[in-house]
Amino acid sequence: MNELLTPAEMARADAAAGNVAALMDAAGRAVARAILQRYKPCSVLVLAGPGNNGGDGKVAARYLAQAGWPVRVADAFTATIEQVQRAELVIDAIFGAGLSRDVSPQIADLLRAAKRIVAVDVPSGVDGATGQVRGYAPQAELTITFFRKKPGHLLYPGRGLCGKLLLRDIGMPERVLEDIAPQAWENTPALFTLPRYEATSHKYSAGDVTVLCGELAGAARLACAAARRAGAGMVTLAATTPMVLPEAGLILRTDPLATLLQDARRHTWIVGPGLGVARAGDALAQLIAAGKTIVADADALTACTGAPEKLRGTAIITPHTGEFVRVFGEIGPSKLEAARRAAATTGTVTILKGADTVIAAPDGRAAINTNAPAYLATGGTGDVLAGLSAALLAQGMPSFEAACAAVWLHGEAARSLGPGLLAEGLPAALPQVMAALG
Ligand SMILES: NC(=O)C1=CN([C@@H]2O[C@H](COP(=O)(O)OP(=O)(O)OC[C@H]3O[C@@H](n4cnc5c(N)ncnc54)[C@H](O)[C@@H]3O)[C@@H](O)[C@H]2O)[C@@H](O)CC1
Ligand SMILES: [K+]
C-alpha cells in the first residue's frame, strides 16, 4: 500500500482496471462518507471540472443529497464567486490527476472565495507528480485520494495544501500494479528489515564505523553516538589531536588516515561533518581510492561543488538543499526526480534532506519520507542521520534500505522526543524506536 503512483501511472491503472463508472461511484461515495463523518450538515457546493475528477464530485453530491444535505453542483467554468461564497463547504472537484496546464485566474478566484474546502484526489492546481502548484492551488482542509497516494501528496508544497490526507480503497484491482511496477514509495518500515543480532555476533561483525573528526568535534561525536545506538559494534572517532572523550565506549585514534586505512576491519566511514572543506575533500578521495563504504555529508559534499563525479564510489550521500544545489545544480520542479538524477549520476544512494526528505537509488527506486516532525530542523540532526546511515551500512544492509531505515528511525526518534528536542537527545531515543519495530 505504500507505493506511489504518478498521475500518468494512475491513468494506466484506470485504463487497465476498465470499469471507470464503478470506480467513480466508489470514489464519490468515499468523498461523501469522509465529509459525513467529519462535518456537521451544512450547505455544500461541488465545483466540478470537465474530467473524471468532476465526475467524482458529482457522485459525492448525490450521496450527500441522499443523506439530506443541501448540495449544489456547479460547472467550474461557469460558476460565480457569489455561488461559492454562499456555500459553507466547497468540494473541489475541478482538476485531479488530469491537470495538464496552469489553473486560470478565473478558477483561482473561485477557489479563493471558498470558506472551507474538501479536495477530491488533490487540491486543484497541485501537480500530482511533483507537489508543485501550477498557477494556483487552494488550501484544503481535507483531501481524499484513491487506491494509492501520488508523489505530489507527500512533496511540499502539495503536502501542506492537502490538509489531512485520506487514502481510500475504491475496488481497484491490485493486479494493475504488476504492469506499472511503481518505483516510488512512501518511506515506511515495509521498505527495510533492520539487522538482527545473531547469537554469534561480535563487535566487528556487528559493524565497524570510523568517523573522521575535525577541529570542532561536536558534529563527529553526534554521528558516533548515533552509530553506536544504531548497533555498530565498534565506533572510532578519528581525530588529528588527542582530546578527552566523556563517552566511555567511544574509541579515539589520532593516527594518520593512511595508517587507519590499512586496517581492513575499518570498512565503513563517515566523512564530512565538522571536518573542514579541504580536509574533507582530501579524505573523501583517499577513502574512495581505498574502496571503503562511505557516507559523505556536510564538508565532503561542499568539497564536490560543481563536481558530482567526485562522489562516485560513495555508498550514501546526505545533502540538504544548499549542499545539493552546490554539487548538482538547481533542484527544479521535482525534488523526487532531482534526487533520482543525483543518484544516477554518482551511483550513490542520495538522501535529499528536508521536511519531505527523498531517498533515491541509482536504479531509480525512490522513497519520500513523511514521519519527520518540523522540530527536527535543528543543528546537529544531520550528523545523527549520517551516523545512523553508516551504522546500518556497517551491519550489512544494502544502501537504499539502510538509507530508508536511517531516515525513518531518525523521524521516529524525533517524534518520540517531541518539541524541544536536541540533536544530542536523538541517539538515546533510538533503542525504544528500534525495539518497537520488533
Ligand atoms: N485513479 C483512480 O483510482 C480513479 C480516479 N478517478 C478520478 O479521475 C481523476 C482523473 O480524471 P481525468 O483524467 O479525467 O482528469 P481530470 O478530471 O483531473 O481533468 C482532466 C480535464 O481537465 C482539463 N484540464 C486539465 N488541466 C486544466 C487546466 N489547468 N485548465 C483547464 N482545463 C484543464 C483537461 O483538458 C481534461 O479535460 C482523478 O483525479 C480522480 O479524481 C476516479 O473517478 C476513478 C478512479
Ligand atoms: K481536485
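Further up the page is the structure itself.
Since we're looking at a predicted model, the values are computed, not measured.

Student: A description of a positive patch on the surface should follow, citing residues and the corresponding values.
Tutor: A cluster of basic residues, R33, R38, K164 and R168, forms a positive patch on the protein surface. Every element with two or more residues in the positive patch is listed here: α2 (20–38) and β6 (164–168). Looking at the element boundaries, K164 is found in strand β6.

Student: Mind laying out unusual backbone geometry, listing which residues take part and the relevant values?
Tutor: Across residues other than glycine, the phi torsion is negative in most instances, and most of the peptide bonds are trans. Omega for the peptide link from Y156 to P157 comes to 0°, which places this bond in the cis form. Mapped onto the fold, P157 is located in the loop between α6 (151–154) and α7 (158–161). Phi angles above zero are rare outside glycine, and A181 is one such case at about 45°. Along the chain, the position of A181 falls in the loop between α8 (176–180) and β7 (184–186). Positive phi, normally seen in glycine, also occurs at A298, with a value near 45°. By the element assignment, A298 lies in helix α12 (residues 298–302). Accessibility expressed as a relative area gives 14% for A298, which makes it buried.

Student: Break down the pattern of salt bridges for me, with residues and values.
Tutor: Following the criterion strictly, the structure yields 20 salt bridges and no others. Across the pair D25 and R29 runs a salt bridge, and its minimum N-O distance is 3.1 Å. Here the residue D25 and the residue R29 both occupy positions in helix α2, the gap between them amounting to four residues, near one helical turn. Look at R29 and you get partly exposed, because its relative accessible area is 33%. Among the ionic pairs, K335 bridges to D356, the shortest N-O distance being 2.7 Å. Pair noted here: K335 is in helix α14 (residues 335–346) and D356 is in the loop between β14 (349–352) and β15 (358–360), with a separation of 21 residues, a long-range link. The exposure class assigned to K335 is buried, which follows from its relative accessible area of 12%. Take D356: its relative accessible area is 6%, and that puts it in the buried class. Salt bridges linked by common partners bring E3, R148 and E174 together as one network.

Conventions used here
- Residues numbered from 1 in each chain as written.
- Chains lettered and ligands numbered in written order.
- Predicted model: local features only at pLDDT ≥ 70, side-chain atom pairs only at ≥ 80, totals over all residues.
- Heavy atoms only, no water.
- Patch = residues over 30% accessible without salt bridge, like charges linked within 9 Å, V, L, I, M, F, W, Y side chains within 5 Å.
- Areas by Shrake-Rupley, 256 points an atom, 1.4 Å probe, with all protein chains shown as cover.
- Salt bridge = Lys/Arg side-chain N within 4 Å of Asp/Glu carboxyl O.
- Lys, Arg positive; Asp, Glu negative; His and termini not counted.
- Charge placed at Lys NZ, Arg CZ, Asp CG, Glu CD.
- Helix = DSSP H or I, 4+ residues; strand = E, 2+ residues; numbered from the N terminus.
- Buried < 20%, exposed > 50% of the residue type's maximum accessible area, 1.4 Å probe, protein only.

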